[in-house]
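Each chain, written out:
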Amino acid sequence: MAIQAGLVGLPNVGKSTLFNALTKSSIPAQNYPFCTVDPHLAITHVPDERLTKLAQLFGSQKTIPTTVQFVDIAGLVKGAAQGEGLGNQFLSNIMGVDLIMHVLRCFEDPSITHVSNTVNPLEDFETIATELSLKDLESIEKRLQKIEHQQRKGKQSLSPQEAKELQQELDLLNDVKATLDAGNYTQAQHLIQTALASGIKTIPLLTGKKALFIANVSEDDLVDHGYRANKHYQAVVDRFGRENVIAVSAKIENELAQMEEAEAAEFASSLGLICTGLAEIIKATYTRLGLITFFTCGPKEAHAWSIMRGTKVPQAAGTIHSDLERGFICAEVYNALDLFEYKTESALKSAGKMRIEGKEYVVTDGDVLNIRFNV
């Protein structure tokens with residue numbers, strides 16, 4: 001699925017270093033603003049122990065994990081909405097992603113330049129939020145003018161439903177505009193997301209995108225969760241909530257990514273890390289994007305597939321191959337966790353844990369599917 005998470009932040013906060021670690025790639029990560037100009041795109045495997053266990057049970061020759069796409073977007077600066085620092089290009093790149101990952105610098109290091117010469121992650125966020133808001137206000141103003149013109153011109157031609165939808169959008173955009181004018185980015189985000197969830201349609205807005213916050217801490221702070229005493233990290237948690245903040249040391253994560261698996265595990269253990277920051281970021285990104293995983297398994301391969309939560313089984317089959325959706329008859333379904341308990345498919349059948357589902361079945365996370373079709 002072409003669903004993307006974009007790393008966003010001011011210059012020199014560690015975005016490109018983190019991106020290198022996420023993707024095990026090697027793009028420039030130098031100590032000067034605008035090192036990243038064009039967005040870099042990479043595809044990263046989503047860690048999932050279930051896939052490994054399934055491959056073992058089926059004797060699969062190979063495993064194919066599901067993936068998530070990450071985009072490293074060049075550092076924004078104050079005035080981006082007016083074109084400062086190639087701002088319009090950067091804002092356009094952000095518009096193309098589904099999830100904004102705000103990378104916030106939470107470490108002091110005089111050898112690494114900060115664009116405002118002081119480390120303050122909340123001020124950094126406000127700079128980004130202001131630029132996103134200004135761009136949205138420009139888009140909202142244009143859309144409001146168009147809606148009002150449609151309402152005047154189409155009084156006789158608009159159906160009651162069309163008139164209702166236009167009025168709902170007009171009310172929403174006026175509310176969002178007032179909220180952004182008041183400087184309340186978070187409230188505007190809530191307004192938009194709530195409206196979209198209720199079925200109200202409007203133009204794409206930067207403010208309405210889902211978000212995660214990455215607190216980039218020092219190597220020392222990472223050891224045994226020392227970052228919990230870091231005032232910058234704590235300020236980010238107080239503002240956005242612990243469930244929305246992931247602490248990482250981009251430098252250490254990048255070093256881990258370059259090591260062999262056994263060496264990386266030993267190094268991570270020496271730092272007191274049970275789960276690397278990267279694994280947390282990837283899993284949180286996957287979940288925040290509204291994705292779940294289903295599996296297809298056999299002796300040749302165990303394959304994990306991404307779908308949006310709430311997808312019905314014919315459409316899930318279509319992610320494997322369009323013929324499976326077009327000729328869908330039914331699906332044999334059970335959950336991976338049940339297989340881990342009962343060990344074999346025959347034992348699952350005996351326990352009544354394997355069933356046949358039709359076109360209205362909504363796939364759940366961890367389902368193993370065997371699609372029956374006829375084209």
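Before reading further, recall that the structure is shown in the block above.
Below you will find a few notes about this structure. In this text, all values refer to a predicted model and were calculated from it rather than measured experimentally.

So, the side chain of T311
Okay, so step 1: Inspection of the secondary structure puts T311 in the loop between β9 (301-308) and α12 (313-320).
Okay, so step 2: Polar contacts involving the side chain of T311 include one to the main-chain carbonyl oxygen of M308, which spans 2.6 Å.
Okay, so step 3: The residues contacting T311, other than those within four sequence positions of it, are A316, Y361, V362 and V363.

Describing the sheet that holds strand β7 (residues 245-248)
Okay, so step 1: Strand order across the open sheet formed by six strands is β2-β4-β1-β5-β6-β7, with mixed pairing between neighbours. Across the chains shown, the open sheet's two edge strands, defined by having one partner strand only, are β2 (40-45) and β7. With direction set aside, neighbouring strand axes in the sheet form an average angle of 25 degrees.
Okay, so step 2: Bridge analysis of strand β1 (residues 4-8) against strand β5 (residues 99-105) gives four bridges, and the strand direction is parallel.

Observations concerning a negative patch on the surface
Okay, so step 1: A surface patch of negative charge is lined by E260, E261, E263 and E266.
Okay, so step 2: Take E263: it is sitting in helix α10 (residues 261-270).
Okay, so step 3: Owing to a relative accessible area of 46%, E263 belongs among the partly exposed residues under this scheme.

Notes on the pairing of strand β6 (residues 210-216)
Okay, so step 1: Burial of β6 is extensive: six of the seven residues sit out of reach of the surface.
Okay, so step 2: Here seven bridges tie β5 to β6, and the two strands are oriented parallel to one another. Across the sheet, residue L99 finds its bridge partner in β6, namely K210.
Okay, so step 3: Pairing geometry for β6 and β7, over four bridges, is parallel. Each residue of the ladder has a partner; that of A215, found in β7, is A247.

What about the pairing of strand β10 (residues 328-335)?
Okay, so step 1: Across the eight residues of β10, seven count as buried, placing the element largely inside the fold.
Okay, so step 2: Here β10 pairs with strand β12 (residues 367-373) via seven bridges, running antiparallel. Paired with F328 across the two strands is F373, which belongs to β12.
Okay, so step 3: Judged from the three bridges that link them, β10 and strand β11 (residues 355-357) form a sheet pairing that is antiparallel. Following the sheet pairing, A331 is matched in β11 by E357.

Structural notes on the nonpolar core
Okay, so step 1: In terms of nonpolar packing, the biggest core is built from 61 residues, with L18, F70 and I281 touching the most fellow members.
Okay, so step 2: Non-local contacts of L18, meaning those with residues more than four positions away in its chain, are made with L7, V103, I214, V248, A250, L278 and I281.

How each quantity is defined
- Residues numbered from 1 in each chain as written.
- Predicted model: local features only at pLDDT ≥ 70, side-chain atom pairs only at ≥ 80, totals over all residues.
- Heavy atoms only, no water.
- Helix = DSSP H or I, 4+ residues; strand = E, 2+ residues; numbered from the N terminus.
- Polar contact = N/O pair within 3.5 Å; in protein donor to acceptor, adjacent residues only side chain to side chain.
- Contact = heavy atoms within 4.5 Å.
- Pairing = 2+ DSSP bridges.
- Axes fitted to C-alpha atoms, helices over the stretch in contact; angles between N-to-C directions.
- Patch = residues over 30% accessible without salt bridge, like charges linked within 9 Å, V, L, I, M, F, W, Y side chains within 5 Å.
- Areas by Shrake-Rupley, 256 points an atom, 1.4 Å probe, with all protein chains shown as cover.
- Salt bridge = Lys/Arg side-chain N within 4 Å of Asp/Glu carboxyl O.
- Lys, Arg positive; Asp, Glu negative; His and termini not counted.
- Charge placed at Lys NZ, Arg CZ, Asp CG, Glu CD.
- Buried < 20%, exposed > 50% of the residue type's maximum accessible area, 1.4 Å probe, protein only.
- Core = buried A, V, L, I, M, F, W, Y, C linked by side-chain atoms within 4.5 Å.

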